[in-house]
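Residue-level listing of the chains:
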Amino acid sequence: MKIHVETLAVNTTRRCDVVDLTSDVDRRVRDTGILNGVVTLFVPGSTGALTTIEYETGVINDLKKAIERLAPQDMYYEHNERWGDGNGYSHVRAALLGPSLHIPLVDGRMSLGTWQQIVLLDFDNRPRERRVLVHVMGE
Ligand code: ZN
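Starting afresh in each chain, residues are numbered from 1 along the sequence in its written order. Restriction of local features to residues with pLDDT of at least 70 applies here, the model being predicted, together with a cutoff of 80 or more for giving and counting side-chain atom pairs; totals for whole chains, interfaces and linings are based on all residues. Each side-chain value is derived from all of the structure's non-hydrogen atoms; neither hydrogens nor water enter the calculation.

Enquirer: Could you give an account of the pattern of salt bridges, with specific residues and numbers?
Expert: When a carboxyl oxygen of Asp or Glu lies within 4 Å of a side-chain nitrogen of Lys or Arg, that pair is called a salt bridge. One pass over the structure, following the stated rule, counts seven salt bridges. Here Arg30 and Asp26 are joined by a salt bridge, their closest N and O atoms 2.9 Å apart. Of this pair, Arg30 and Asp26 both sit in helix α1 (residues 22–32), four residues apart, roughly one helical turn. Close ionic contact of Asp122 with Arg130 constitutes a salt bridge, the shortest N to O distance being 2.7 Å. Arg130 carries the same exposure label as Asp122, and that label is buried. Strands are runs of DSSP state E lasting at least two residues, helices are runs of H or I lasting at least four, and both sets are numbered from the N terminus onward. For the exposure calls, accessible area comes from a 1.4 Å probe over protein chains only, and a residue counts as buried if that area is under 20% of its type's maximum, exposed if over 50%, partly exposed in between.

Enquirer: Break down the coordination of the zinc ion for me, with residues and values.
Expert: Every protein donor of the zinc ion is listed here as His79 (NE2), Asp85 (OD), Asn87 (OD1) and His91 (NE2), and their distances to the metal cover 2.1 to 2.2 Å. Note that water is not among the atoms used; donors are N, O and S atoms within 2.8 Å of the metal (3.2 Å for Na, K and Ca), so sites may look incomplete. Under this scheme a four-donor centre is tetrahedral when all angles range from 85 to 135 degrees, a four-donor centre is square planar and a six-donor centre octahedral when opposite donors are above 155 degrees with the rest from 65 to 115, and any other centre is irregular. One way to put it: the four donor atoms around the zinc ion meet at angles of 87 to 165°, and that makes the site irregular. Taken in chain order, the donor set of the zinc ion reads H-x5-D-x1-N-x3-H. Taking relative accessible area as the criterion, His79 reaches 24% and is therefore assigned partly exposed. By relative accessible area, which is 4% here, Asn87 ends up buried.

Enquirer: Explain the sheet that holds strand β3 (residues 37–42) residue by residue, including any values.
Expert: Spatial ordering of the open sheet is given by β1-β8-β3-β5-β6, a layout of five strands whose pairing is antiparallel. Only two strands of the sheet have a single partner each, and these edge strands are β1 (2–12) and β6 (109–110). Of the pairings in the sheet, the one linking β1 to strand β8 (residues 128–138) comprises 11 bridges and is antiparallel in character. For Glu6, the partnering residue across the bridge sits in β8 and is Val134. Packing of α1 onto the sheet brings it into contact with β1, β3, β5 (100–106), β6 and β8, and relative to β1 it is tilted by some 155°. Here the rule is simple: two strands pair whenever DSSP picks up at least two bridges between them. Should any heavy atoms of two residues lie within 4.5 Å, those residues are counted as being in contact. Structural elements are reduced to axes, namely lines fitted to C-alpha atoms, with helices fitted over the stretch in contact, and the angle between N-to-C directions of any two is expressed from 0 to 180 degrees.

Enquirer: Summarise the side chain of Asn125; cite the residues concerned and give the values.
Expert: As for its position among the elements, Asn125 is in the loop between β7 (117–122) and β8. Within polar-contact distance, the side chain of Asn125 engages the backbone oxygen of Gly86 at 3.5 Å. Setting aside chain neighbours within four positions, we find Asn125 in contact with Arg14, Arg15, Asp85, Gly86, Asn87, Tyr89 and Ser90. We call two N or O atoms a polar contact when they sit within 3.5 Å, provided that within protein one can donate a hydrogen and the other can accept it, with sequence-adjacent residues counted only if both atoms are side-chain atoms.

Enquirer: Requested: an account of the nonpolar core, with residues and values cited.
Expert: In these notes, a set of buried Ala, Val, Leu, Ile, Met, Phe, Trp, Tyr and Cys residues joined through side-chain atoms within 4.5 Å is what counts as a nonpolar core. Judged by nonpolar contacts, the single largest core of 20 residues is most densely connected at Leu21, Val25, Val39, Leu41 and Val132. Only β1, α1, β3, β5, β7 and β8 provide two or more residues apiece to this core. Not counting residues within four places of it along the chain, the set of residues in contact with Leu41 comprises Val25, Leu50, Pro99, Ser100, Leu101, Ile103, Ile118, Val132, Leu133 and Val134. Within the second largest apolar cluster, 11 residues are counted, among which are Val18, Ala49, Ile53 and Val119.

Enquirer: Provide a residue-level description of a nonpolar patch on the surface, including the pertinent values.
Expert: Side chains of Met1, Ile3 and Val5 sit close together on the surface and give an oily, nonpolar patch of about 350 Å² of accessible area. Relative to the helices and strands, Met1 is located in the segment before β1. Here Met1 falls in the exposed class, since its relative accessible area comes to 71%. A patch is a set of surface residues, each over 30% in relative accessible area and not in a salt bridge, joined within 9 Å for like charges and within 5 Å for the nonpolar side chains Val, Leu, Ile, Met, Phe, Trp and Tyr. Throughout, the Shrake-Rupley method with a 1.4 Å probe supplies accessible areas, and for residues the shown protein chains are the sole cover considered.

Enquirer: Pulling in residues and values, what's your account of unusual backbone geometry?
Expert: The backbone of Asp107 shows a phi angle near 50°, a positive value even though the residue is not glycine. Structurally, the position occupied by Asp107 is in the loop between β5 and β6. Since its relative accessible area comes to 59%, Asp107 is described here as exposed.

Below, the structure written as structure tokens:
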């Protein structure tokens, strides 16, 4: 078994930025030559998250609205009193979605649906330079 480690650098804007990573990850995975195994992705940081979705503006906006209903930006957050950084909602949103994904790799292709893209969500209240760790494990 081989383990190949890649890092994607992603510049985000702020407040629910949704970035499609699929083609970038796909290219990195193909370059490893690993055909069968698993691809894991992890975003370090407590205000970023990873998920999959159909990357289409309608459903992206629907997701943003659903997240706003779950953890509204203008609610009271204890975190803001404690740290004064105003991003309590960002931490809660990131915790709900989670920081990682794993995708089966079969015959050199990630087992994603046709309309299933890998997205990084940045919930912070300022632009960030994110790193996404991509581990390709298999043979
Ligand atoms: Zn904070």
